Amino acid sequence: MKDFFNRPWVYRVLSLGLAVLLFVYVTSQNLGSTRSSQSTEQTAVANTKETLNENLQVDADLDTYYVTGYPKKVSITIAGPNANVVAAKNTRNFRVYIDVRHLKVGTHTVRIKQSGLNKSLSYVIKPATVKVTISTRADKTFPIQANYKSSKITDGYLTDTPEISPSTVRVSGAKSEVARVKQVVANLNLSNNTTESFEQEVLLEALDKNGNAVDVLLTPQTAHVELPVYLPSKKIKLDLTPSASSDDTKKYSLTSSVNSVTVYAPQAVLDRLDKTLTVPVDVKGISNNTQKTVKIVKPDGVVSTNPASIAVNVQVVQSNAESSSSSSSSASQSSETSSSTSTNVSSNQSSDSTSASSSESDDETTSSSRSSSSSSTSNSTSPATSDDSE
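Residues numbered from 1 in each chain as written. Predicted model: local features only at pLDDT ≥ 70, side-chain atom pairs only at ≥ 80, totals over all residues. Heavy atoms only, no water.

A. Main features of the pairing of strand β19 (residues 260-264). Bridge analysis of strand β17 (residues 233-242) against β19 gives 5 bridges, and the strand direction is antiparallel. From the neighbouring strand, K234 faces β19, where its bridge partner is V263. Summarising the sheet, β19 and strand β22 (residues 304-306) pair through 3 bridges and their orientation is antiparallel. By the bridge assignment for β22, V263 is matched with T305. (Pairing = 2+ DSSP bridges. Helix = DSSP H or I, 4+ residues; strand = E, 2+ residues; numbered from the N terminus.)

B. View of the layout of surface pockets. Here the largest pocket is characterised by a volume of approximately 310 Å³. Along its surface, the largest pocket is lined by V58, L62, Y66, V67, T68, G69, Y70, K72, R137, D215, V216 and L217. Sort the elements by how many residues they give to the lining of the largest pocket and strand β2 (residues 65-68) lands first, with 3 residues. Residue classes in the lining of the largest pocket are distributed as 7 nonpolar, 2 polar and 3 charged. Around the second largest pocket sit L203, L204, E205, A206, A213, V214, V216, L217, L218 and Q221, which together line it. (1 Å grid on protein atoms, 1.4 Å probe; cavity = no way out; pocket = protein on both sides within 12 Å on 5 of 7 lines; lining within 4 Å. Points joined across faces, edges and corners; volume = space filled by probe spheres on them. Nonpolar A, V, L, I, M, F, W, Y, C, P; charged D, E, K, R; others polar.)

C. Here's a closer look at unusual backbone geometry. In this structure, the amide linkage connecting K126 to the following residue, P127, adopts the cis form with an omega of -5°. Tracing the sequence through the fold places P127 in the loop between β7 (122-126) and β8 (129-147). A cis geometry characterises the amide bond from N306 onward to P307, with omega recorded as 0°. Looking at the element boundaries, P307 is found in the loop between β22 and β23 (309-319). Even without a glycine there, the phi angle at N193 is positive, about 55°. Position of N193 among the secondary structure elements: in the loop between β12 (183-187) and β13 (198-207).

D. Looking closely at the nonpolar core. V171, V181, V184, L204, V216 and L218 are the most contacted members of the largest nonpolar core, which has 26 residues in total. What L218 contacts, discounting residues up to four positions off in sequence, is V169, R170, V171, V184, L204, E205 and A206. (Core = buried A, V, L, I, M, F, W, Y, C linked by side-chain atoms within 4.5 Å. Buried < 20%, exposed > 50% of the residue type's maximum accessible area, 1.4 Å probe, protein only. Contact = heavy atoms within 4.5 Å.)

E. A look at the sheet that holds β17. With mixed pairing, 4 strands are arranged side by side in an open sheet as β20-β17-β19-β22. Edge positions in the open sheet fall to β20 (276-281) and β22, since each of these has one partner strand only. Shown here is a sheet whose adjacent strand axes are inclined to one another by a mean of 40°, direction ignored. (Axes fitted to C-alpha atoms, helices over the stretch in contact; angles between N-to-C directions.)

F. Region of the structure containing the sheet that holds strand β6 (residues 113-115). Sheet architecture is open: 5 strands sit in the order β6-β4-β1-β3-β7, paired in mixed fashion. At either margin of the open sheet sits one strand with a lone partner, and together these are β6 and β7. Strand-to-strand twist in this sheet, taken as the mean axis angle between neighbours without regard to direction, amounts to 35°. Pairing of strand β4 (residues 95-99) with β6, which is carried by 3 bridges, proceeds in the antiparallel orientation. Pairing of Y97 across the sheet is with K113, part of β6. Across the sheet, helix α3 (residues 82-91) touches β1 (47-59) and β3 (73-81), and the angle it forms with β3 is around 150°.

G. Main features of the packing of aromatic side chains. Counted under the stated rule, the structure contains 0 aromatic pairs. The ring of Y97 is capped by R95, whose NZ or CZ atom sits 4.5 Å from the centre of that ring. (Phe/Tyr/Trp six-rings, centres within 6.5 Å; stacked < 30°, edge-to-face > 60°. Lys NZ or Arg CZ within 6 Å of the ring centre and 35° of its normal.)

H. Local environment of the environment of L207. Of note, L207 is situated in strand β13. The exposure class assigned to L207 is buried, which follows from its relative accessible area of 9%. For the pair L207 and R180, spaced 27 residues apart in sequence, the C-alpha to C-alpha distance is 8.0 Å. Excluding residues that lie within four positions of it along the chain, L207 makes contacts with R180, V181, K182, Q183, V185, N212, A213 and V214.

I. Here's a closer look at the pattern of salt bridges. This model, assessed by the stated rule, comprises 7 salt bridges. The salt bridge involving R101 is made with D99; its shortest N-O contact spans 3.0 Å. Relative accessible area serves as the criterion here: at 58%, R101 is assigned to the exposed category. Looking at D99, the relative accessible area reads 16%, which means it is buried. Between R180 and D208 there is a salt bridge, with its nearest N and O atoms 3.2 Å apart. With R180 in helix α4 (residues 175-180) and D208 in the loop between β13 and β14 (217-219), this residue pair connects regions lying 28 residues apart in the sequence. For D208, a relative accessible area of 9% gives the class buried. Through salt bridges with shared partners, a single ionic network connects E177, R180 and D208. (Salt bridge = Lys/Arg side-chain N within 4 Å of Asp/Glu carboxyl O.)

What follows is the structure, encoded as structure tokens:
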């Protein structure tokens, strides 16, 4: 066996076999690469087609003339190598147009053209031609008016002057059409029973004297419109009143930095409101000075008030028990004063009576003395008379 591998021809055969295997391997790789390259090339050169919708452009002296009658978009079908079709579709590096620069005022049939497509692509435009009207151009500026149905506003609510930005619009078009325009309006699409202000970007429309739309160009085509919708209002003074409390022994003083409120309601409701609005303040359980927030009670028909609530300072002025005690003390002092006065009067009357009695006794004593004296005198004179008689 060792002698077998030592023979030269064995190595030659093995070398030949390895060479054949290497050749086969390299050939198969090149063959696969070639097939892949051929497949890619076949894909690149394969024809396809695509239909696109493109804006139709107009080449004209638009400062002098106004062109109408042409469609805004047209259809163009392109065909050719797939790569070129895909590139044209993605980049849109071509334009579809009509050229009327050499035409005068009037109606004309014009062929639609294209420019910018790769020369390897074919195309078909539909429609192939359009009928256009060329007119002398005119421009005029109009104020923008807001147009809305007042019936959409809730009863009792009012509207203010609409704020429109911009306030004017430029109307361009054929001279005859611009002459027909009487107003440019922004139609406001209000909802039923609107109670809030309207604010929106609104499309503008040119109208003739009969309210029909006119085919002209508006610059800008929209406007920002704000329509204020609001309720009438009225200022009313506040009357703070303590509400009923189970504690009737205290009196309260109610004050607030807010003396009046603004009331919002339909005009018919405002007309029947009083000049003052009573605000009940619950003082139940309040024994010390305090501040509390009180909600404004809306009268019937009133939608809202401003402010909706106020801060009220509650001050305990006096307790009725203290007042009763003070009154009782005053009454007692009055009674004592009256009693003292009565006693003095009685004493004076007694003194006067005693004096009168004493006087009367003295008078009686004097009278008795006088009577006795008189009697004594009479008795002394009687014997003398008797002697004389004898």
